[in-house]
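If you want the building blocks of each chain, they are given just below.
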Amino acid sequence: MNAHARLVHEYESGIGVPISGITHSPNPGSNLAATLPVWALAAGSVSAVAAAANRLRDAHGLAPVPHRIDPERITAAFSSDRLLRADGRQVPMFADLSGFFPTFDGWVRTHANYPHHRTRLLAALGLPDDAPLDLAVAHIAMSRAADIEDNAAMAGAIAVQVRTEEEWAATPQAAAAASGPLVAMEPRQDRAGAPFRSEATPFQPLRGVRVLDMTRVIAGPVATRTLALLGAEVLRVDPPWLPEIPWQYADTCQGKHSAMVDLRAHSAVFHDLLASADVLVTGYRPGALEHAGLTTAVRPSLVHGRVSAWGEAGPWGGRRGFDSIVQAATGISILEGAPSVPGALPAQALDHASGYLLAAGVIDALAARTYDGIGRDVRVSLARTASWLLANPDRGLSHGPAAAPNPELTVSHGSLVTATPALAEYPDYAWPAPQYGASAPAWPVRTR
């Protein structure tokens, strides 16, 4: 069995569904080439979605669709940030204070793409908001990596010590991150009082399913974008006080509607939306909804998908994080670079793979709900995905450089160019990302 089939089977055994037959797909060589088996992670996570979609089709009495694993399509989708063009220009992926920086005793990796994260990071370094980059770099260079990590966590900033995989494995947060199934699915006791109607078709098995999307950045939005691709009606809701990165939104909000509302001040809006939703997908830290006065109890049989950086248990359970940060903390950056100069995976694969795995889990939860009417919680974390990658024995220590994604595997909508979907049977998403926050915070009126 090849590595990507092992991932699918590990996913399926973890959620308790029969093991599916996975067509063997050989490692395509330079596609997503890395020391760690990134191709297996990418192909496996997309295959998990395809297998889950067929289980949902079966639940609705529809014939399966023979999904094809296309290495170039998957590589393009996982490397979508490298293919995206706005007005013919490639967009910058990281801000000047996001990256690897040498410290007194090693390296740290920081993330300050969002203005509020930059402000917090400078505060953690004891610097004012307007401190120049070179001053921040000098402060980092004179500090210990562990001190920067601790101070950042206390300030709500995002910075971690770059560890080897052995150093990471010795920490309690590593044990917590690696525990449990790759995708956790837990049934709840709530059950719908009436059967769910289905509008499923072979290529839109999620047609008629309403998804309330409260995620940002990449992993969660990739999950909900995948649900939209398979026919779900996805409404993304963002708070007005948090800025969004335009290129990230343009890439991951395709096929969705977008609304902006302060749900803390207007909790009734949230509960009204949730009352007729089938799925809620959140990327906020554990307890954040409840702290804001929001409750999911208004919707029996809801499927609640949740994504986090470090998992919901352990000493880092409530800590912020991003793909690049998880790579640095877990030893991946050293494996893909060197202790003297850390490196990175050829794509933000932890984000994308976690997104597809979350989408698969939500689809399987919906399939199970057609039989028993029970609501379920589905959870993934970037650190759990990283632990799978690190535990996989198929390493390519003498790999060549990763191939660039194929620029022909893109679609154009006006001045915006984005990667095609990872599922090869779909040429494009239903529509490009709408204007940010342009929709009303209400479900679109159904025409049938």
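Data block above holds the structure.
Cut-offs and rules
- Going along each chain's sequence as written, the residues are numbered from 1 onward.
- It should be noted that, the model being predicted, local features are given only for residues of pLDDT at least 70 and side-chain atom pairs only at 80 or more, the latter also being counted only at that level, while totals for whole chains, interfaces and linings use all residues.
- Neither water nor hydrogens contribute to the side-chain values; these are computed over all heavy atoms in the structure.
- Every axis corresponds to a line fitted to the C-alpha atoms, with the helix fit spanning only the stretch in contact, and the corresponding angles, defined between N-to-C directions, vary from 0 to 180 degrees.
- Here a helix means four or more residues in a row that DSSP labels H or I, a strand means two or more in a row labelled E, and each is numbered from the N terminus.
- Any angle that is under 35 degrees is reported as roughly parallel, and any over 145 degrees as roughly antiparallel; angles of 65 to 115 degrees are reported as roughly perpendicular and all others as oblique.
- Two residues form a contact once any of their heavy atoms are found within 4.5 Å.
- Each residue is assigned to one class: nonpolar for Ala, Val, Leu, Ile, Met, Phe, Trp, Tyr, Cys and Pro, charged for Asp, Glu, Lys and Arg, and polar for all the others, Gly among them.
- Each salt bridge in this description consists of a side-chain nitrogen of Lys or Arg and a carboxyl oxygen of Asp or Glu lying within 4 Å of one another.
- Note on classification: 1.4 Å probe, protein chains only; a residue is buried when its accessible area is under 20% of the maximum for its type, exposed when over 50%, partly exposed between these limits.
- A pair of strands is treated as paired once DSSP finds two or more bridges between them.

Participant: Is there a simple way to think about the packing of helix α16 (residues 349–372) against helix α17 (residues 382–391) in this case?
Facilitator: If you want to describe how two helices pack, look at the angle between their axes and the distance between the axes. For the pair α16 and α17, the least separation of the axes is 9 Å and the interaxial angle reads 105°. Relative to α17, the element α16 is oriented roughly perpendicular. In this structure, α16 uses Leu350, Asp351, Ala353, Ser354 and Leu357 to contact α17, whose residues at the interface are Leu382, Thr385, Ala386 and Leu389. A class-by-class count of the residues in the contact of α16 with α17 yields six nonpolar, two polar and one charged.

Participant: I'm lost on the pattern of salt bridges in this one. Help?
Facilitator: Between side chains of opposite charge, pairing is possible as soon as their charged atoms come close. All chains considered together, the criterion is met by 24 salt bridges. Arg384 is paired through a salt bridge with Glu10; the nearest N and O atoms lie 3.5 Å apart. One end of the pair, Arg384, is in helix α17; the other, Glu10, is in helix α1 (residues 3–15), and 374 residues separate them in sequence. Assessed through its relative accessible area of 10%, Arg384 is described here as buried.

Participant: Please explain the sheet that holds strand β3 (residues 99–102) as it appears in this structure.
Facilitator: On the basis of which strands lie adjacent, the open sheet formed by three strands has the order β3-β4-β5 and antiparallel pairing. In this open sheet, the two strands that pair with only one neighbour each are β3 and β5 (159–161). Direction aside, neighbouring strands of the sheet carry axes that sit 25° apart on average. As paired strands, strand β4 (residues 107–110) and β5 are joined by three bridges and run antiparallel to one another. Across the sheet, the residue bridging to Val108 is Gln161, located in β5.

Participant: Mind showing me how you'd approach the sheet that holds strand β9 (residues 257–260) here?
Facilitator: Within a sheet, adjacent strands bond to each other through the backbone by hydrogen bonds, running parallel or antiparallel. In spatial order, the strands read β6-β12-β11-β10-β7-β8-β9; together these seven strands make up an open sheet with mixed pairing. In this open sheet, the two strands that pair with only one neighbour each are β6 (184–191) and β9. Adjacent strand axes in the sheet meet at a mean angle of 20°, parallel and antiparallel pairs treated alike. Bridge analysis of strand β7 (residues 210–214) against strand β10 (residues 279–282) gives four bridges, and the strand direction is parallel. Note on β10: the bridge partner recorded for Asp213 is Val281. Running at roughly 145° to β7, helix α12 (residues 267–275) makes contact with β7, β8 (233–238) and β10 of the sheet.

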